[in-house]
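Architecture and fold: a report
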Amino acid sequence: MCVQCDGFGKQSAPTGFVCAATASPAPAGPSRRRFLKASATAVAACAATQAGRVAAQTPGVDGELTRLQGQRRILIKGGIVLSMDKQVGDFANADVLIEDGKIREVRPNIAASDAAIVDGTNRIVTPGFIDTHHHCYQALLRNILGNGLLDPDYGRDIADRLTAVYNPDDVYWGTYVSTLGMLDMGTTTALDISQVCHSPEHSDEGVRALKDSGMRAVYAYSRGAGPKAMYPQDIGRLQKTYFNSKDQLLTLALGSGLNKDLFTAARNAGVFTANHGVNHRTEKALADLNAAGLLRPGDEYIHCTQLSADSWKIIRDSGGKVSLSVPIEMAMGHGMPGIQGALDAGVRPSLSSDVDVTMAQDPFTLMRHTFNLQRLLLLQRMQKNEPNLPPLLTTRDVLEFATIEGARCLGLEAKTGSLTPGKDADLVVLQADRLNVWPLNNATSCVVNLMGTSNVESVFVAGKAKKWKGALVGVDEARVRKMVADGRDGVLKRANFPMNLFG
Ligand SMILES: [Zn+2]
């Protein structure tokens with residue numbers, strides 16, 4: 001719709017621009033003229049941009065993509081490889097051989113005459129990024145809380161008023177567009193805390209959207225509201241219906257809190273708990289669960305703002321995993337991100353984007369905020385001549401947090417997180433010769449400190465191209481845009497929630 005198209009701007013103007021079919025009332029008053037003018041410009045941009053995108057993503061039009069999709073072996077040739085596996089190492093110039101969806105070999109000069117070739121010249125090849133905590137359904141509401149705080153804005157507007165009116169279709173389209181956005185930005189794995197399970201149908205649609213996206217995902221079954229909510233007991237049905245195979249991209253967790261009954265439900269289902277909202281105010285609950293012997297290796301602790309050293313010790317000693325949402329925590333008032341607390345306790349954290357009602361989902365934003373904040377805080381201590389300071393984070397540390405530590409957090413390190421032979425081929429090809437980063441002088445710093453989503457050229461999940469040469473593969477973007485805009489309009493209308501396009 002018009003508002004959406006204007007929002008996207010010229011660079012990625014929507015496909016199949018369908019103003020008349022999906023338009024909701026345009027803003028009144030002086031802003032209406034600006035709005036219409038911007039829309040007309042965007043229509044022209046849509047047409048031009050769209051021609052290129054369709055050509056790039058349609059098999060048959062792009063012969064290289066067609067060949068790629070038809071081959072069981074793919075060879076990414078001559079790339080700069082950051083494997084994130086110390087045994088495999090890094091290469092200034094190497095090949096990555098994918099066979100039957102798995103990484104077969106990483107080394108220079110691999111001969112594979114039967115493989116489809118992907119030119120890696122001036123490309124950095126890294127593992128796909130991993131986002132260990134996001135609320136995908138909320139993508140219908142992207143940016144609607146641009147200047148909001150956790151308390152009271154998020155709780156009042158998003159968690160209560162808007163989430164309450166979601167129907168199962170809204171869960172589907174929100175989750176679907178969220179995961180497509182992540183794939184577009186280089187994120188190949190995410191944990192979805194789906195706090196919208198108002199009925200079994202809502203949960204079904206969340207799982208279906210994750211499956212349809214083709215990304216690797218952990219569905220963290222979570223609470224809902226209303227008389228049809230069956231949390232947490234419906235986890236048994238979900239597990240039986242959707243998660244009975246180990247050989248699939250989707251796995252299951254329980255979106256939880258530090259609560260004995262929920263931990264017991266997760267144990268009975270044989271899944272880990274993804275504990276949301278862990279902070280200094282929940283330390284007693286954490287200590288009580290620990291004393292009761294209910295914590296298990298692999299449980300995930302999210303946010304962990306302002307935790308004491310004792311709580312960090314409990315998490316570490318129980319084999320817990322940690323997800324930090326540094327940009328959101330800084331912007332929305334969650335408290336000081338726990339980067340240093342984790343590191344001081346010997347816990348290597350993973351990174352997460354949390355909600356895009358306020359902040360970007362992309363891995364570059366997550367990495368840079370983490371790098372900058374830890375260094376700022378340490379450098380301030382250094383200026384005060386504090387002795388025995390811990391080390392400053394490096395770009396390699398942060399790239400590990402966004403890849404292999406993410407895989408460890410989600411219990412998926414045997415499948416993803418590094419370019420290790422035998423693992424599934426979840427990887428991204430990053431353009432290092434674009435003028436926003438050229439010339440290339442340091443590969444890890446280039447990825448962490450200089451690159452952005454415009455550098456994400458191609459994305460593979462289990463060896464399948466999900467993004468190819470700048471465009472998502474096999475996605476009907478026009479339909480997605482229409483359904484997402486319609487879903488957004490319905491949610492806002494039912495909640496009687498005003499949209500403020502310029503606020
Ligand atoms: Zn969250």
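No experiment lies behind these values; they were computed from the predicted model shown.

Some thoughts on the overall build of the chain
Looking only at helices and strands, the chain has 18 helices and 17 strands in total. For the chain, the residues scored as buried account for 50% of the 503 residues in total.

What about the confidence of the model for the chain?
Here the chain shows a mean pLDDT of 90. Residues at 70 or above account for 88%. Counting interchain partners and residues more than four positions distant, the pLDDT-below-50 stretch residues 1-56 has 67 contacts.

Quick notes on the sheet that holds strand 8 (residues 216-221)
Consider a sheet: its strands pair through backbone hydrogen bonds, and that pairing is either parallel or antiparallel. Strands sit in the order 6-7-8-9-10-11-12-13 across an open sheet of 8 strands; the sheet is parallel. Each of the sheet's edge strands pairs with one partner strand only, and the pair in question is strand 6 (129-134) and strand 13 (350-351). Here strand 6 pairs with strand 7 (residues 187-194) via 4 bridges, running parallel. If you follow H134 over to strand 7, its bridge partner there is D192. Of the strands in this sheet, strand 8 and strand 9 (250-256) are in contact with helix 8 (residues 235-242), which crosses strand 9 at around 170°. The sheet strands contacting helix 9 (residues 260-269) are strand 9 and strand 10 (273-279), and the helix crosses strand 9 at an angle near 160°.

Some words on the environment of D344
One can find D344 in helix 13 (residues 339-344). Sequence separation between D344 and W312 is 32 residues; the distance between their C-alpha atoms is 8.8 Å.

Some details on helix 9
Along helix 9, the residues classified as buried are F263, A265 and A266. When helix 9 is viewed along its axis, its buried side chains cluster within an angular range of 160° and face the same direction. Facing away from the buried side of helix 9 by more than 90 degrees, the exposed set consists of K260, D261 and T264. Residues of helix 9 that are buried in the fold lie against helix 8, strand 9, strand 10 and helix 10 (283-291). Just past helix 9, the residue G270 takes up positive phi, approximately 75°.

A few points about helix 11 (residues 309-317)
When we look at burial in helix 11, the residues that qualify are S311, W312, I314 and I315. Buried residues of helix 11, seen end-on, are gathered within an arc of 155° and therefore sit on one face of the element. Across helix 11 from its buried face, at more than 90 degrees, point the exposed residues A309, D310 and D317. In this fold, the buried residues of helix 11 make contact with helix 10, strand 11 (300-305), strand 12 (321-324) and helix 13. Two residues or fewer past helix 11, G319 is found with a positive phi of approximately 80°.

Quick look at the pairing of strand 4 (residues 116-119)
Only one face of strand 4 is buried, namely the one carrying A116 and V118, since none of I117 and D119 on the opposite face is buried. Relative to strand 4, strand 1 (residues 73-82) runs parallel, the two sharing 4 bridges. Within strand 4, the position partnered with L75 by the bridge is I117.

Looking at the packing of helix 6 (residues 168-184) against helix 7 (residues 200-213)
The contact between helix 6 and helix 7 brings their axes to 8 Å, and the two run at 25°. On the basis of their axis angle, the class for helix 6 and helix 7 is roughly parallel. The hand of the helix 6/helix 7 crossing is right-handed. When helix 6 is examined against helix 7, the residues P168, D169, V171, Y172, T175, Y176, T179, L180 and L183 are found in contact with a partner set consisting of E201, H202, E205, G206, R208, A209, L210, D212 and S213. Class assignment of the residues belonging to the contact of helix 6 with helix 7 gives a composition of 8 nonpolar, 5 polar and 5 charged.

Comments concerning the environment of K415
When you line up the elements, K415 lands in the loop between helix 16 (404-409) and strand 14 (427-431). The exposure class assigned to K415 is buried, which follows from the 20 C-beta atoms found within 10 Å.

What counts, and at which threshold
- Residues numbered from 1 in each chain as written.
- Predicted model: local features only at pLDDT ≥ 70, side-chain atom pairs only at ≥ 80, totals over all residues.
- Helix = DSSP H or I, 4+ residues; strand = E, 2+ residues; numbered from the N terminus.
- Buried ≥ 20, exposed ≤ 12 C-beta atoms within 10 Å, placed from the backbone.
- pLDDT = per-residue confidence, 0-100.
- Contact = placed C-beta atoms within 7 Å.
- Pairing = 2+ DSSP bridges.
- Axes fitted to C-alpha atoms, helices over the stretch in contact; angles between N-to-C directions.
- Arc of directions from axis to C-beta.
- Parallel < 35°, antiparallel > 145°, perpendicular 65-115°, else oblique.
- Left-handed = near helix turned anticlockwise from the far one by under 90°.
- Nonpolar A, V, L, I, M, F, W, Y, C, P; charged D, E, K, R; others polar.

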